[in-house]
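One letter stands for each residue in the lines below.
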Amino acid sequence: MEKYCCFLVLAFFSFMGIAQENIDRLDLTKIKEGQVKTFWLEVGNDGFNQPLTVPIIVVKGRETGPVLGLTSAIHGNELNGIAIIHQLIKDLNPEALSGIIVAVPGINRLSIEQHQRLFVDNQDLNRLFPGKKKGNRSQQYVWHLNTKILSKLDFLVDLHTASFGRANSLYVRGDFSVPIIKKLALVQDADILLNSSGAPSAGKSLGENRTLRGEAAFQGVPALTIEYGNPQVFQKEIIPRGINGLKNLMIELDMLSAKKTNVASAIVCKKSYWIYTDAGGILDVIVDLTERVQAGQLVAVLRDYFGKDIKKYFAPEEGVVIGKSTNPINQSGGRIIHLGILENNKSAK
Ligand SMILES: [Zn+2]
């Protein structure tokens, strides 16, 4: 009978999974070497007066080395990074690791549950760093992320995808004037490497309200933002490339001793910008992701609801298609393509 009870208890726990510990702060010194530990980190309090938590996976290597942060889904509908982190950690042997991985596969918990980019108060968390201790809901949430996670890191990779209605190539954003950042970008299995200081591609600049990568740069933490394809899906062709790139990055940082996976050389861009429509209608973007376009090349056609062409849009200069609209429903000011300007181009803009 006793044996039967033990079996039942074991079966129950293996079915339910072992409950993770809630923590208010992340103390990496308390974790034993050669271990993988999972936690729920408290980052505020919900409407039921319960802790608001995010999932944390810590892999602590046997040997000392840097602390590498991997954060995904700060925009709640950008999910490929979750699968990349899970598979990467599954493949890792902590005994063979030097340093520590702090992974946050789902950093914007409330928005992930709502299948949406923005936080519950319609703010973009990735424009609010470093947050405010006594600010509004999103500012306080960001303040917790900044003080409890970012402050622990030596390096950061922030994993994104395109947003709703758009598609992205696999591309890296980083400040390539910092040699280590360029080095870590070059080992990614990416289509495009985009040199950018840390300001978002549209909207606010790298000022007070920073991106997570901008904040990392501000704090002296070398960081990359990597865009892995499309929103609200797990893309089977993108995820393995993401894992390869992050393993290469760890080898480059001497966190793993293995041979790097060879990656095809990516197109390097010195800058990029979006081209927008100036009229409403049905938008048909003709060019493909990663396509090289020439100055004056037709990139999109706008039609009315009777099927008649209203307007044609052309590339203002030579470049490469980093991202594009996939949503034909377009109001004036809608995005058409995200155009990257190659390092060796003479830029017209
Ligand atoms: Zn994003």
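Here, the structure is the one placed above.
Position numbers for residues start from 1 in each chain and track the written sequence from start to end. Only residues with pLDDT of 70 or above have their local features reported here, since the model is predicted, and side-chain atom pairs are shown and tallied only from 80 upward, although totals for entire chains, interfaces and linings are computed over all residues. Only heavy atoms go into the side-chain values, all of them from the structure, while hydrogens and water stay out.

Participant: So what exactly am I meant to see when it comes to the coordination of the zinc ion here?
Facilitator: Working reference: metal with six octahedral donors, ideal angles 90 or 180 degrees; metal with four tetrahedral donors, ideal angle 109.5 degrees. Taken together, the protein ligands of the zinc ion are His-75 (ND1), Glu-78 (OE), Glu-78 (OE) and His-160 (ND1), with distances of 2.1 to 2.5 Å. Viewed at the metal, the four donor atoms of the zinc ion are separated by angles of 56 to 150°, and the geometry they form is irregular. Sequence spacing among the residues donating to the zinc ion works out to H-x2-E-x81-H. Separated by 85 residues along the polypeptide, His-75 in the loop between β4 (63–72) and α2 (80–91) and His-160 in strand β6 (residues 155–160) bring together distant segments of the chain. For the exposure calls, accessible area comes from a 1.4 Å probe over protein chains only, and a residue counts as buried if that area is under 20% of its type's maximum, exposed if over 50%, partly exposed in between. Residue class for His-75 comes out buried when judged on its relative accessible area of 3%. Donor criterion used throughout: N, O or S atom within 2.8 Å of the metal, extended to 3.2 Å for Na, K and Ca. Water excluded; incomplete-looking sites may result. Four donors are marked tetrahedral only if all angles between them lie between 85 and 135 degrees, whereas four are marked square planar and six octahedral if opposite donors are more than 155 degrees apart and the other angles lie between 65 and 115; the remainder are marked irregular. Only DSSP runs of H or I with at least four residues qualify as helices, and only runs of E with at least two residues qualify as strands; both kinds are numbered from the N terminus onward.

Participant: Explain the packing of aromatic side chains here, please?
Facilitator: Any aromatic ring pair is given by two values, namely how distant the centres are and how the planes are angled relative to each other. Between 30 and 60 degrees the pair is tilted, below 30 it is stacked and above 60 it is edge-to-face, where a pair is any two Phe, Tyr or Trp rings, Trp via its six-membered ring, whose centres lie within 6.5 Å. Applying the stated rule across the entire model yields one aromatic pair. Ring centres 4.7 Å apart and planes at 45° place the aromatic pair Phe-119 and Tyr-141 in the tilted group. Of this pair, Phe-119 sits in the loop between α3 (109–113) and α4 (137–148) while Tyr-141 sits in helix α4; the two residues are 22 residues apart in sequence, bridging distant segments of the chain. Taking the relative accessible area as the measure of exposure, Phe-119 reaches 2% and is therefore buried. By definition here, charges over rings are those cases where NZ of Lys or CZ of Arg is within 6 Å of the ring centre and within 35 degrees of the ring normal. The ring of Trp-274 is capped by Arg-166, whose NZ or CZ atom sits 5.4 Å from the centre of that ring.

Participant: Help me understand the pairing of β4 in this model?
Facilitator: The element β4 is largely enclosed, with a buried count of seven among its ten residues. Paired strands are those between which DSSP finds at least two bridges. Bridging between β4 and strand β5 (residues 98–105) involves seven bridges; their strand directions are parallel. Across the sheet, the residue bridging to Thr-71 is Val-104, located in β5. Handedness of a crossover is defined as follows: with both strands directed away from the viewer, a clockwise route from the first strand across the helix to the second makes it right-handed. Handedness of the crossover is the feature at issue here: the chain leaves β4, passes through α2, returns alongside β5, and the resulting connection is right-handed. When β4 meets β6, the two strands line up parallel, connected through five bridges. Each residue of the ladder has a partner; that of Leu-68, found in β6, is Phe-155.

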